[in-house]
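# Breakdown of the fold
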Amino acid sequence: MNLTPDEYVNQLFQEDELLLKVKEAIRSNGMPEVSVAAAYGRLLTFLAKTSKAEAALEIGVLGGYSGICIARGLRENGTLTSLELKGEYAAMARGHLEEGGFGEKVEYRIGPAADSLEQLEQEGRTFDFFFIDADKENYPVYLDYAIKLARPGAVIVGDNCFLRGRTLNPDKQGPAVLAVRRFNEQMASDPRLVTTMLPDYDGLVLAWVK
Ligand SMILES: C[S@@+](CC[C@H](N)C(=O)[O-])C[C@H]1O[C@@H](n2cnc3c(N)ncnc32)[C@H](O)[C@@H]1O
Ligand SMILES: [Mg+2]
């Protein structure tokens, strides 16, 4: 019997011990099991590497899965700034990033990400890699900040742009769906961006900032 594409890819590229440990910690602490899927985590590493990312920003941390993937792709002197609402999640992620050897590279800012983004703008910080993966209602706000804080040539990645199918269903009109549709439309049409959206998984959208 044929393997599914997922099964085939997951056989070829198995998650390493640290990533499996992150997932186990999330499970055993009763946290939501919504880390980025393995192949897309590897895509984050790949994109950070190929874009030679030096200053990455992640919005939505959970247990540190995507943070490890991004940190693995950073340049030698690169840094990751991670925004997370919950202090206990950031503490878990910090432990995992330290275990991966990235303790010196990562800075956590706890609280609503929109506040942290405003603070980063006030500080004059800029970034060349963004991963947006927090509360969906604020995706348009996060995109505005990402474009403001982006260096020319920056990469912006948005996760879960199909909202497990809700974005695709015209009958769904809740605030998260409306916000993500707005985000997707801006990603697709903003003249400052060169963008694509992968039409499988849960809708990963990728933009390059001119
Ligand atoms: C989907 S999870 C992140 C998964 C993570 N990027 C990964 O793939 O490993 C979303 C995270 O966003 C956080 N979050 C929710 N609302 C937030 C807000 N307003 N500001 C910052 N973080 C928020 C949640 O606590 C949760 O940890
Ligand atoms: Mg996600």
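This report concerns the structure included in the present document. Just so it is clear, the model here is predicted, and its values are computed rather than measured.

## Quick word on the overall build of the protein
Assigned secondary structure in the protein consists of 8 helices and 7 strands. For a compact globule of 210 residues, the expected C-alpha radius of gyration is about 17 Å, and the protein comes in at 16 Å, within 12% of that figure. The dimensions of the protein, computed from C-alpha atoms along their principal axes, are 50 × 40 × 35 Å. Within the protein, the proportion of its 210 residues that are buried is 49%. Total accessible area on the protein stands at roughly 10,500 Å², and carbon and sulfur atoms take up 54% of it. Taken as two groups, the 23 positive and 31 negative side-chain charges of the protein have centres that lie 3 Å from each other.

## Let's talk about the coordination of the magnesium ion (ligand 2)
At this site the magnesium ion (ligand 2) is bound by D133 (OD), D159 (OD) and N160 (OD1), with donor distances of 2.1 to 2.2 Å. Along the chain, the residues donating to the magnesium ion (ligand 2) are arranged with the sequence spacing D-x25-D-N. Here the residue D133 occupies a position in the loop between β4 (127-132) and α7 (139-149), and D159 occupies one in the loop between β5 (150-158) and α8 (175-189), the gap between them amounting to 26 residues. Just as D133 is buried, D159 falls in that class too.

## A look at the site of ligand 1
Close contacts around ligand 1 come from 19 residues, with V36, G60, S66, E84 and D133 the closest. V36 places a main-chain nitrogen or oxygen 2.8 Å from an oxygen atom of ligand 1. Within the side chain of D135, an N or O atom sits 3.3 Å from a nitrogen atom of ligand 1. Burial of ligand 1 by the protein amounts to 89% of the accessible area it has alone, namely 600 Å². Here the shell around ligand 1 is built from residues that sort into 12 nonpolar, 4 polar and 3 charged.

## Thoughts on the nonpolar core
One finds L44, F129 and V157 to be the most contacted residues of the largest nonpolar core, which totals 37 residues. Taken together, the elements giving at least two residues each to this core come down to α2 (17-28), α3 (38-50), α4 (65-73), α5 (87-99), β3 (106-110), β4, β5 and β7 (204-209). Discounting chain neighbours no more than four positions away, the residues touching L44 are V36, S66, C69, I70, F129, F131 and V157. Core analysis: the second largest hydrophobic core is formed by 31 residues, A55, L117, A134 and L193 among them.

## As for the sheet that holds strand β2 (residues 79-84)
Pairing is mixed across the open sheet formed by 7 strands, whose spatial order is β3-β2-β1-β4-β5-β7-β6. Every other strand in the sheet has two partners, leaving β3 and β6 (193-198) as the edge strands with one partner each. Geometrically, the sheet is characterised by an average inter-axis angle of 15 degrees between neighbouring strands, direction not taken into account. Two elements, strand β1 (residues 55-59) and β2, share 5 bridges in a ladder whose sense is parallel. When the bridges of β2 are listed, E58 appears paired with S82. Along the sheet, α3 contacts β4, β5, β6 and β7; its crossing angle with β4, the most-contacted strand, is approximately 170 degrees. Against the sheet, α8 touches β4, β5, β6 and β7, its axis set at about 125 degrees to β6.

## Regarding the state of the cysteines
Scanning the model with the defined rule gives 0 disulfides in all. Free cysteine: C69, not disulfide-bonded; nearest cysteine sulfur from C161 at 18 Å. What makes C161 buried here is its relative accessible area of 0%.

## With respect to the environment of L163
Here L163 is to be found in the loop between β5 and α8. Along the sequence, L163 and V177 sit 14 residues apart, while their C-alpha atoms lie 7.3 Å from each other. If sequence neighbours within four positions are ignored, L163 has contacts with K136, A176, V177, V180 and D202.

## Observations concerning unusual backbone geometry
Located in the positive-phi region is K52, a residue other than glycine, with phi close to 55 degrees. Turning to its location among the elements, K52 is positioned in the loop between α3 and β1. Residue K52 is classed as exposed on the basis of its relative accessible area of 53%. The phi dihedral of L62 is positive, around 50 degrees, even though this residue is not glycine. Taking relative accessible area as the criterion, L62 reaches 12% and is therefore assigned buried.

About the criteria used
Position numbers for residues start from 1 in each chain and track the written sequence from start to end. Key to labels: chains lettered from A, ligands numbered from 1, both in the order written. Given that the model is predicted, a residue must reach a pLDDT of at least 70 before its local features are reported, and side-chain atom pairs must reach 80 or more before they are shown or counted; all residues, however, enter totals for whole chains, interfaces and linings. Values shown for side chains rest on all heavy atoms present in the structure; no hydrogens or waters enter the calculation. Segments assigned H or I by DSSP are reported as helices when at least four residues long, segments assigned E as strands when at least two residues long, and all are numbered from the N terminus. Put simply, the radius of gyration uses C-alpha atoms, and a globule should come to 2.2 Å times the residue count raised to 0.38. Buried means the residue's accessible area, taken with a 1.4 Å probe over protein chains only, is under 20% of the maximum for its type, while exposed means over 50%, and partly exposed covers the values in between. For the accessible areas, the method is Shrake-Rupley and the probe is 1.4 Å, while residue cover comes only from the protein chains on display. The sign given to each residue is positive for Lys and Arg and negative for Asp and Glu; His and the chain ends receive no count. By convention, the point assigned to a charge is CZ for Arg, NZ for Lys, CD for Glu and CG for Asp. Donors, by definition, are the N, O and S atoms found within 2.8 Å of a metal, the threshold being 3.2 Å for Na, K and Ca, and water is not counted, so a site can look incomplete. We define proximity as follows: a residue is near a molecule or strand when any one of its heavy atoms falls within 4 Å of that partner. N or O atoms within 3.5 Å of each other form a polar contact, as long as, within protein, one can give a hydrogen and the other can take it, and as long as residues adjacent in sequence are counted only when both atoms are side-chain atoms. Gly is put with the polar residues, along with every residue not named as nonpolar or charged; the nonpolar set is Ala, Val, Leu, Ile, Met, Phe, Trp, Tyr, Cys and Pro, and the charged set is Asp, Glu, Lys and Arg. To define a nonpolar core, start from buried Ala, Val, Leu, Ile, Met, Phe, Trp, Tyr and Cys residues and group those joined through side-chain atoms within 4.5 Å. Contacts: residue pairs with any heavy atoms within 4.5 Å of one another. By definition, two strands form a pair when at least two bridges between them are found by DSSP. In this analysis, axes come from line fits to C-alpha atoms, helices being fitted only over the stretch in contact, and the angle between any two N-to-C directions falls in the range 0 to 180 degrees. The definition used for a disulfide is geometric: two cysteine sulfur atoms within 2.5 Å.

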